[in-house]
Amino acid sequence: MGYRVGPGVGASASGRGLLRRRRARWVRISALVAVGLLVAGVAAGWAVYAKLSGNITPDEAAAAELRRYEKERPTSLVKDARNILLIGSDSRHGDDNARYGRDSGTERSDTTILLHLSAGRRSATAVSLPRDLMVDLPACRRRDGSRSAPRFAMFNQAFQVGGSACTIRTVERLTDIRVDHHVVVDFHGFKEMVDAVDGVEVCLREPIDDRAAELRLPAGRVTLDGEQALGYVRARKSLGDGSDTERMERQQRFLGALVNKVRSNDVLLNPAKLYPVLDAATSALTTDPDLASLRGLYELVRGLRDIPMEQVQFLTVPRESYAYDANRDQLVEPEADRLFERLRTDTPVAIARDVPRGSAPLRPTHSHDGSYADSYAGPFSAPVVTVSPPPTFEGNTAAEDTCE
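Residues numbered from 1 in each chain as written. Predicted model: local features only at pLDDT ≥ 70, side-chain atom pairs only at ≥ 80, totals over all residues. Heavy atoms only, no water.

You'll find the chain entered in an unreviewed UniProt entry as LCP family protein, with Streptomyces dubilierae given as the organism. Among the UniProt annotations of the chain, the heading Sequence similarities (unreviewed entry) holds the following wording: "Belongs to the LytR/CpsA/Psr (LCP) family." (UniProt positions renumbered as here; feature names shortened; annotations may be inferred.)

Here you go:
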């Protein structure tokens, strides 16, 4: 006599056993879906990382050339402080760059900035080096493998003769500051980065009508797209007094506005906006091999988010017209040497909008208690070791509003 299996013991279509099997199957399917999504997410994340890292061009030739001259290069004096040379190339190579002039097969540094990041990332100081500055160029390896002879020439010829390695060696000889990293960006890359952040707002004190730069803009607050921004930072003859000094100041103000835009929440916290910025930025860069990856760039700039905007400073190295050619520049000494020494030793740099020529004080000395004191002592007083406050250099910060 057989036993009848009744409902509720796991044999019928409506029993609890079937429900348990369905739940178990659902759990397994959910787990598989979750694992699949995780794997897909990791794969997508890795693909994005690999793409962005692959965008950056490592400057292996410069690295090899700098290793050749390692013994003559300055040493870094302060751990964790970093000096990065930013080079804007005027190359006309490529379809998009050709519109800015004939491609002669050479390129020069249209803009060069020495960026000093303090230890602990308390401040960032960007110093513009004039392209027409007369300097001593070392013997450099040319692109064809031959070597140039040392000579006295305009600073931007260093890049034309021997690329970024020659420019770095020239800057190090000029300043006695070790260049830890370098970044090269061309016209097209600059435009792409500006467009990726949906333009950058600047303030124009008067309208601009520059046919050479194809630039027509009204006075007041204006948001520049990439093409307009390139014309704005490169124009010289039709803006202001036409000097390269004013052009560098305009570039500094623009970079301050760009820093503000990139650090704003609507860019950094919005993946849809951040990815195009990273894609454009990495595609535009040629860097030393240590920076030629997202990890390398992240390690360098991760502390920059915490630097107050008033501590992101821009200035031009103290310069004046060259004694033998008013169209060229030379350093103003000892002011330039004081600036280089402060960067070299990671000492804070004080800046102000207007600093009268010749007002930079002598190198400061301190009283025995570390304070500043008057230089006068009475005839019967003990000698006092004093005197001047730290030198102040003309410049501006990223926090300043040029419309005010």
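Asker: Help me understand the overall build of the chain in this model?
Answerer: Across its full length, the chain holds 10 helices and 17 strands. Looking at the chain as a whole, 43% of its 404 residues are labelled buried. Of the roughly 22,300 Å² of accessible surface on the chain, a fraction of 54% belongs to carbon and sulfur atoms. (Helix = DSSP H or I, 4+ residues; strand = E, 2+ residues; numbered from the N terminus. Buried < 20%, exposed > 50% of the residue type's maximum accessible area, 1.4 Å probe, protein only. Areas by Shrake-Rupley, 256 points an atom, 1.4 Å probe, with all protein chains shown as cover.)

Asker: Is there a simple way to think about unusual backbone geometry in this case?
Answerer: Pro334 follows Glu333 through a cis peptide bond whose omega is 10 degrees. Here Pro334 shows up in the loop between β15 (325–331) and α10 (335–344). Backbone geometry at Asp198 places phi at a positive 65 degrees, although glycine is not the residue there. As for its placement among the helices and strands, Asp198 is situated in the loop between α4 (187–196) and β8 (200–204). Assessed through its relative accessible area of 54%, Asp198 is described here as exposed.

Asker: Can you help me understand the state of the cysteines in this one?
Answerer: Simply put, disulfide is the name for a covalent bond between the sulfur atoms of two cysteines. Applying the stated criterion to the full structure yields one disulfide. Disulfide pairing places Cys140 opposite Cys166 at an S-S distance of 2.1 Å. With the S-S bond torsion at 75 degrees, the cross-link from Cys140 to Cys166 turns out right-handed. Here the residue Cys140 occupies a position in the loop between β5 (134–137) and β6 (151–154), and Cys166 occupies one in helix α3 (residues 157–175), the gap between them amounting to 26 residues. The pair formed by Cys140 and Cys166 is uniform in burial state, with each residue classed as buried. (Disulfide = S-S within 2.5 Å.)

Asker: Just checking my understanding: could you explain the packing of aromatic side chains for this structure?
Answerer: Aromatic ring pairs are reported here in terms of the distance separating the ring centres and the angle at which the planes meet. This model, assessed by the stated rule, comprises four aromatic pairs. Judged by centre distance (5.7 Å) and plane angle (45 degrees), the ring pair of Phe190 and Phe254 falls under tilted. Note that Phe190 is positioned in helix α4 and Phe254 in helix α6 (residues 244–263), a separation of 64 residues in sequence. Of the two residues examined, Phe190 and Phe254, each falls in the buried class. Taken together, the ring pairs connect Phe152, Tyr322 and Tyr324 into an aromatic cluster. (Phe/Tyr/Trp six-rings, centres within 6.5 Å; stacked < 30°, edge-to-face > 60°.)

Asker: Sorry if this is basic, but what is going on with the packing of α4 against helix α5 (residues 226–234) here?
Answerer: The description of two packed helices rests on the angle between their axes and on the distance between the axes. Running from N to C, α4 and α5 point in directions that differ by 125 degrees, and their axes come no closer than 8 Å. Judged by the inter-axis angle, α4 sits oblique to α5. Note on packing geometry: the crossing formed by α4 with α5 is right-handed. Residues Phe187, Phe190, Lys191, Val194 and Asp195 of α4 pack against Gly226, Glu227, Ala229, Leu230, Val233 and Arg234 of α5. (Axes fitted to C-alpha atoms, helices over the stretch in contact; angles between N-to-C directions. Parallel < 35°, antiparallel > 145°, perpendicular 65-115°, else oblique. Left-handed = near helix turned anticlockwise from the far one by under 90°. Contact = heavy atoms within 4.5 Å.)

Asker: Looking at this structure, how should I read α10?
Answerer: The periodicity of an α-helix, 3.6 residues per turn, causes residues three or four places apart in sequence to face the same way. Most of α10 sits inside the fold, with eight of its 10 residues counted as buried. Within the span of α10, buried status applies to Glu335, Ala336, Arg338, Leu339, Phe340, Arg342, Leu343 and Arg344. Of the residues flanking the end of α10, it is Asp346, one or two places downstream, whose phi is positive at about 60 degrees.

Asker: Before we go on, may I ask you to explain empty space enclosed by the protein in this structure?
Answerer: To find the voids left in a structure, one rolls a probe of water-molecule size over its atoms. Tallied over the entire structure, the rule returns two cavities of 30 Å³ or more. In this structure, the largest cavity occupies an estimated 90 Å³ of space. If you trace the largest cavity, you find 13 residues lining it, with Ser76, Leu77, Val78, Asn83 and Arg344 closest to the centre. Its residues placed into classes, the lining of the largest cavity shows five nonpolar, four polar and four charged. Of the pockets and cavities examined, the second largest cavity occupies roughly 50 Å³. In terms of lining residues, the second largest cavity is bounded by Asp110, Thr111, Thr112, Ser128, Leu129, Pro130, Arg131, Asp244, Arg247, Met248 and Gln251. Element by element, the count of residues in the lining of the second largest cavity is highest for α6, at four residues. When the residues that make up the lining of the second largest cavity are grouped by side-chain class, the tally is three nonpolar, four polar and four charged. (1 Å grid on protein atoms, 1.4 Å probe; cavity = no way out; pocket = protein on both sides within 12 Å on 5 of 7 lines; lining within 4 Å. Points joined across faces, edges and corners; volume = space filled by probe spheres on them. Nonpolar A, V, L, I, M, F, W, Y, C, P; charged D, E, K, R; others polar.)

Asker: Sorry if this is basic, but what is going on with a negative patch on the surface here?
Answerer: Where like charges cluster on the molecular surface, the negative patch consists of Glu192, Asp195, Asp198 and Asp225. In this structure, Asp225 sits in the loop between β11 (220–224) and α5. (Patch = residues over 30% accessible without salt bridge, like charges linked within 9 Å, V, L, I, M, F, W, Y side chains within 5 Å. Salt bridge = Lys/Arg side-chain N within 4 Å of Asp/Glu carboxyl O. Lys, Arg positive; Asp, Glu negative; His and termini not counted. Charge placed at Lys NZ, Arg CZ, Asp CG, Glu CD.)

Asker: Can you walk me through the environment of Leu86 in this structure?
Answerer: Positionally, Leu86 belongs in strand β2 (residues 82–89). A residue is classified by how much of its surface remains accessible, and Leu86, at 31% relative accessible area, is partly exposed. As for Leu86 and His181, which are separated by 95 residues in sequence, their C-alpha atoms are 8.8 Å apart.

Asker: Before we go on, may I ask you to explain the nonpolar core in this structure?
Answerer: One broad trend across soluble globular proteins is that nonpolar side chains are buried collectively. In this structure, Leu85, Val317, Leu339 and Leu343 are the most contacted members of the largest nonpolar core, which totals 33 residues. Secondary structure elements with two or more residues in this core: α2 (60–68), β2, β5, α3 and α10. When residues of this core are assigned to their parent elements, the largest contribution, seven residues, is made by α3. Not counting chain neighbours up to four residues away, the residues in contact with Leu339 comprise Val127, Leu315, Val317, Pro318, Val349 and Phe393. (Core = buried A, V, L, I, M, F, W, Y, C linked by side-chain atoms within 4.5 Å.)

Asker: What am I meant to see in the pairing of β15 here?
Answerer: Moving residue by residue along a regular strand, the side chains alternate between the two faces of the sheet. Taken together, the four bridges between strand β14 (residues 319–322) and β15 define a ladder with antiparallel strand orientation. The residue bridging Ser321 from the neighbouring strand is Asp329, located in β15. As consecutive antiparallel partners, β14 and β15 are separated by two residues. (Pairing = 2+ DSSP bridges.)

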